[in-house]
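The residues making up each chain are set out below.
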Amino acid sequence: MKDNEFVLTLKALGENESFARTVVAAFCLEAKPTLEELSDIKTAVSEAVTNAIVHAYDGADGKIKIKCKISKNKLTIEVSDFGKGIEDVEKAKEPFYTTRPEEERSGMGFTVMESFMDSLEITSKLGVGTKVKMTKTFGVVEPKENFEREEYAIARRNG
Amino acid sequence: MQIFSKVNNDYLVVFLVGELDHYASDFARSKLDALLDRSTQSKIIVDVSGLEFMDSTGIGVLLGRFNKMKALKKPMFIAGAKGSVDKVFTMSGIYKIMPKIAG
């Protein structure tokens, strides 16, 4: 496939979490990911977008920018917000660390992104915003791919 | 998402169906609380076989319910997790306190 990319700006609304992960998954289909790769990506995108909604803007109005690129079989996703920023990125990455235990946040967001994707890079500036950059390289499993794409399409239709 | 329950002897089985993310979490929390609070069964199974998507928000929701049930000495179990839902559960270590059982 040809290299491809898109940029999408969304309002930081809970309603858009499902939209954001579905758009990214749909964009990836052309690269013929496995079902497992697709659901890993959806989960990681959901974590990044949720972080922006819950933490960057504290539920207030704001924008989230999603930039996605596929080059060869490598996917790069950038999720940016323009909110309050993260004070201590290393601390935020620790499993189970959350600034909002009273809201029953699990503190697992960055841990999930890190383990479901191949790489995770966080840049954040207080009062300016946060950018989460993740990459994933799709495996090449030629004989299975068409079947899996079809299965995914069926699952989506029935879902 | 949809949540419903059924009684099976000592067990209250709650079924989570659809997508559990931050957007669905308020609904999930209050629906689960309503079902768990009025149940008289001594054990709870959370059946997630109908869950097509869950991110780490789901861990927070289940841990919150677990802590409430712990106070009432009611053990909780998780059944039917598949794919990345199961991966999120495993990664979080939640199976250590809410053991995985066959649905």
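Asks: Explain the nonpolar core to me, please; I cannot follow it from the model alone.
Replies: Buried together is how nonpolar side chains tend to be arranged in soluble globular proteins. Counting residues in hydrophobic clusters, the biggest one holds 38 residues, and the most contacted among them are Val-24, Ile-41, Ile-64, Ile-66, Leu-75 and Ile-77 of chain A. The contacts of Ile-66 of chain A, once residues within four sequence positions are left out, are Phe-6, Val-7, Leu-8, Leu-10, Ala-20, Val-24, Val-49, Ile-77, Glu-78 and Val-79 of chain A. Of all hydrophobic cores here, the second largest spans 32 residues; its members include Ile-3, Leu-20, Leu-51 and Phe-89 of chain B.

Asks: Any chance you could explain the environment of Lys-82 of chain B here in plain terms?
Replies: Residue and element names in this part refer to chain B. Residue position: Lys-82 is located in the loop between β4 (76–79) and α3 (83–92). In this structure the C-alpha to C-alpha distance between Lys-82 and Asp-26, which are 56 residues apart in sequence, comes to 23 Å. Every residue in contact with Lys-82, bar those within four places of it in the chain, is listed here: Ser-49 and Leu-51.

Asks: Please explain the sheet that holds strand β1 (residues 4–11) of chain A as it appears in this structure.
Replies: By definition, the strands of a sheet pair up through backbone hydrogen bonds, in either a parallel or an antiparallel sense. Residues and elements named next belong to chain A. The antiparallel open sheet is built from 5 strands, whose spatial order is β1-β2-β3-β5-β4. Across the chains shown, the open sheet's two edge strands, defined by having one partner strand only, are β1 and β4 (119–125). Geometrically, the sheet is characterised by an average inter-axis angle of 10° between neighbouring strands, direction not taken into account. Bridge count between strand β2 (residues 63–71) and strand β3 (residues 74–81): 8 bridges; the pairing is antiparallel. Directly across from Lys-69, in β3, lies its bridge partner Thr-76. With respect to the sheet, helix α1 (residues 15–28) is in contact with β1, β2 and β3, its orientation differing from that of β1 by roughly 175°.

Asks: Explanation requested: the sheet that holds strand β2 (residues 11–20) of chain B in the structure shown.
Replies: Residue and element names in this part refer to chain B. In spatial order, the strands read β1-β2-β3-β4-β5; together these 5 strands make up an open sheet with mixed pairing. Single-partner strands in this sheet number two, and they are β1 (2–8) and β5 (100–101). Pairing analysis gives 9 bridges linking β2 to strand β3 (residues 43–54), with the strands arranged parallel. Bridge pairing links Gly-18 to Leu-51 in β3. Of the strands in this sheet, β1, β2 and β3 touch helix α1 (residues 22–37), which is tilted by about 170° from β2.

Asks: What's the story with α3 of chain B in this structure? I'm lost.
Replies: Residues three or four positions apart in an α-helix share a direction because the helix packs 3.6 residues into each turn. Regarding α3 of chain B, the residues found buried are Ser-84, Val-85, Asp-86, Val-88, Phe-89 and Ser-92 of chain B. Lining the buried residues of α3 of chain B we find α2 (35–56) and α4 (109–116) of chain A together with β3, α2 (57–71), β4 and β5 of chain B. Where α3 of chain B terminates, the next one or two residues include Gly-93 of chain B, which has phi positive at roughly 80°.

Asks: Which parts of the structure should I look at to understand unusual backbone geometry?
Replies: Phi is mostly negative for residues that are not glycine, and the peptide bonds are mostly trans. Here the phi dihedral of Glu-104 of chain A falls at roughly 60°; this positive angle occurs in a residue that is not glycine. Residue position: Glu-104 of chain A is located in the loop between α3 (89–93) and α4.

Asks: Which parts of the structure should I look at to understand the interface of chain A and chain B?
Replies: In many analyses, interface size is given as the accessible surface area lost on bringing the parts together. In this assembly, 27 residues from chain A lie in contact with 21 residues from chain B. It is Arg-21, Glu-104 and Phe-116 of chain A in chain A that bury the most area against chain B; as a group they hold 27% of the surface buried on that side. Linking chain A with chain B are 6 salt bridges, by the criterion used here. The interface formed by chain A and chain B includes 13 residue pairs in polar contact (both at pLDDT 80 or more). With 10 residues, α2 of chain A is the single largest residue contributor to the side of chain A that touches chain B. A breakdown of the residues in the side of chain A that touches chain B according to their chemical character gives 6 nonpolar, 11 polar and 10 charged.

Asks: Help me out: how do you make sense of the state of the cysteines in this one?
Replies: Think of a disulfide as a covalent bridge from one cysteine sulfur atom to another cysteine sulfur atom. Summed over all chains, the structure comprises 0 disulfides over all chains. No disulfide involves Cys-68 of chain A; its nearest neighbouring cysteine sulfur is the one of Cys-28 of chain A, lying 5.9 Å away.

Asks: Quick question: what am I supposed to make of the pairing of strand β5 (residues 129–137) of chain A here?
Replies: For a regular strand, side chains alternate in direction, first toward one face of the sheet and then toward the other. All names here are of chain A. Bridge count between β3 and β5: 8 bridges; the pairing is antiparallel. Paired with Asp-81 across the bridge in β5 is Thr-130. Direction of pairing for β4 relative to β5: antiparallel, over a ladder of 7 bridges. Considered in β5, the bridge of Ser-119 is made with Thr-135. Counting the residues in the hairpin turn of β4 and β5 gives 3 residues, including Gly-127, whose phi is positive at 80°.

Calculation criteria
- Residues numbered from 1 in each chain as written.
- Chains lettered and ligands numbered in written order.
- Predicted model: local features only at pLDDT ≥ 70, side-chain atom pairs only at ≥ 80, totals over all residues.
- Heavy atoms only, no water.
- Core = buried A, V, L, I, M, F, W, Y, C linked by side-chain atoms within 4.5 Å.
- Buried < 20%, exposed > 50% of the residue type's maximum accessible area, 1.4 Å probe, protein only.
- Contact = heavy atoms within 4.5 Å.
- Helix = DSSP H or I, 4+ residues; strand = E, 2+ residues; numbered from the N terminus.
- Pairing = 2+ DSSP bridges.
- Axes fitted to C-alpha atoms, helices over the stretch in contact; angles between N-to-C directions.
- Buried area = accessible area lost by both parts, 1.4 Å probe.
- Salt bridge = Lys/Arg side-chain N within 4 Å of Asp/Glu carboxyl O.
- Polar contact = N/O pair within 3.5 Å; in protein donor to acceptor, adjacent residues only side chain to side chain.
- Nonpolar A, V, L, I, M, F, W, Y, C, P; charged D, E, K, R; others polar.
- Disulfide = S-S within 2.5 Å.

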